[in-house]
Amino acid sequence: MTKVAMIGAGVMGSAIGSRLLDEGCTLSFFDVSQDAGGDLAGRGGIRAASPAQAASEAEFVFVSLNSADIVEQAVFGDGGVAESGGSDSLLIDMSSIDPGRTASMAGKLRERCGMGWVDAPLSGGAPAAREGRMTLMIGGRPEDVARAEPVLALLSARRTHLGDAGAGQTVKLVNQILCAGHFMIVAEAVKFAESQGIDAALIPDALAGGRADSAIMQEFMAKMAKRDFTPTGRIDNMLKDLETVQASSFATRTAMPVTGLVSELHRMLVAGGLGPADSAEYMKLFDLGKE
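Small disclaimer: the values here were computed from a predicted structure and weren't measured.

**Describing the overall build of the chain**
A tally of helices and strands in the chain yields 13 helices and 9 strands. At 20 Å, the chain has a C-alpha radius of gyration in line with the 19 Å of a compact globule built from 291 residues. Each of the three principal axes of the chain carries a C-alpha extent, and together these read 60 × 45 × 35 Å. Looking at the chain as a whole, 49% of its 291 residues qualify as buried. In the chain, 66% of the contacts between residues at least 6 apart in sequence involve partners at least 24 apart. Total accessible area on the chain is roughly 13500 Å²; 54% of this is exposed by carbon and sulfur atoms. If the 26 positive side-chain charges of the chain are averaged to one point and the 36 negative ones to another, these points end up 2 Å apart.

Dropping the structure here:
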């Protein structure tokens, strides 16, 4: 059986770990919170005391964490993956973090212990992870990506190798640019339809198959129309990615006026206490002043 480790057992890490267990892998995992990963432990996953311990016997070490700083600490800090990693193992980072930091850490890890690094940020969320139908944007050396292919195939329906370490993270940022803008415009369209006396929940069927159709409209327009705020993701996580986009675009003087506006709207929502909220709660911007 393939031995894997999971560093980060939050919503996404647990979903990825669950899928790997379903596929017959043996799993060790680590999370700084003892409350995280209970479902993995209940299904045979082994809780480790540190990232190094989790990674010590694993062929593939998966990472799913919220920021580049946390990833760096988990890999290179005391008790980090680098302490037990080697050329016989491979780190697969499924976090969404800065591409430049990713490339730098990949080089540092290989120099430190000979361990390869593949960045494989995802699209599709926890439900897609559990069902093995995620979309993965992949960066890394060709030989490392080829080595990761069999285990990544357990998790995803689509995988694209886009270049060296950091390339997957760059394309994940492109994904986030498109998704964030689309979420916001769908919410705006819902409000416009309502102002004209139309039940916006009917619109996805009406526009299905046309040029305006999209997965986000199909999944979220009726949800927004019903003010169904059941969590499927977090607004503050989207803002984190948009801020990475902005920092990168500033460095290259790339004009991104639409993304800039969308970023500021996300910043308003987070400042208003909606950071942990679902994307459907974008509707609260358009419901301001509603009696």
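**Examining the environment of H266**
Along the chain, the position of H266 falls in helix α12 (residues 257-274). For H266, a relative accessible area of 0% puts it in the buried group. With 86 residues separating them along the chain, H266 and A180 place their C-alpha atoms 8.7 Å apart. Excluding residues that lie within four positions of it along the chain, H266 makes contacts with A180, M184, I235, M238, L239, L242 and Y282.

**Describing unusual backbone geometry**
If you check the backbone angles, R227 has positive phi at about 55° while not being a glycine. Positioned with a positive phi, R253 is a non-glycine residue whose angle comes to about 55°. Within the secondary structure, R253 sits in the loop between α11 (235-252) and α12. For R253, a relative accessible area of 81% gives the class exposed.

**Focus on the nonpolar core**
Judged by nonpolar contacts, the single largest core of 31 residues is most densely connected at V4, I16, L20, F62, I92, M94 and M134. Mapped onto this core, the elements with two or more residues apiece are β1 (3-7), α1 (11-22), β2 (26-30), β4 (60-63), β5 (90-93), α6 (125-131), β8 (134-139) and α7 (142-153). Dropping the residues within four chain positions of it, V4 is found in contact with L20, C25, T26, L27, S28, A58, F60, F62 and V151. Ranked by size, the runner-up nonpolar core spans 27 residues in total, among them M184, A193, A225 and L274.

**Notes on the packing of aromatic side chains**
Here the structure, examined in full by the defined rule, presents 2 aromatic pairs. For the ring pair F183 and F220, a centre distance of 4.8 Å and an interplane angle of 85° mean the geometry is edge-to-face. One end of the pair, F183, is in helix α8 (residues 167-195); the other, F220, is in helix α10 (residues 215-225), with 37 residues separating them in the sequence. The same class applies to F183 and to F220, which are both buried.

Rules used throughout
Residues numbered from 1 in each chain as written. Predicted model: local features only at pLDDT ≥ 70, side-chain atom pairs only at ≥ 80, totals over all residues. Heavy atoms only, no water. Helix = DSSP H or I, 4+ residues; strand = E, 2+ residues; numbered from the N terminus. Rg over C-alpha atoms; globule rule 2.2 N^0.38 Å. Buried < 20%, exposed > 50% of the residue type's maximum accessible area, 1.4 Å probe, protein only. Contact = heavy atoms within 4.5 Å. Areas by Shrake-Rupley, 256 points an atom, 1.4 Å probe, with all protein chains shown as cover. Lys, Arg positive; Asp, Glu negative; His and termini not counted. Charge placed at Lys NZ, Arg CZ, Asp CG, Glu CD. Core = buried A, V, L, I, M, F, W, Y, C linked by side-chain atoms within 4.5 Å. Phe/Tyr/Trp six-rings, centres within 6.5 Å; stacked < 30°, edge-to-face > 60°.

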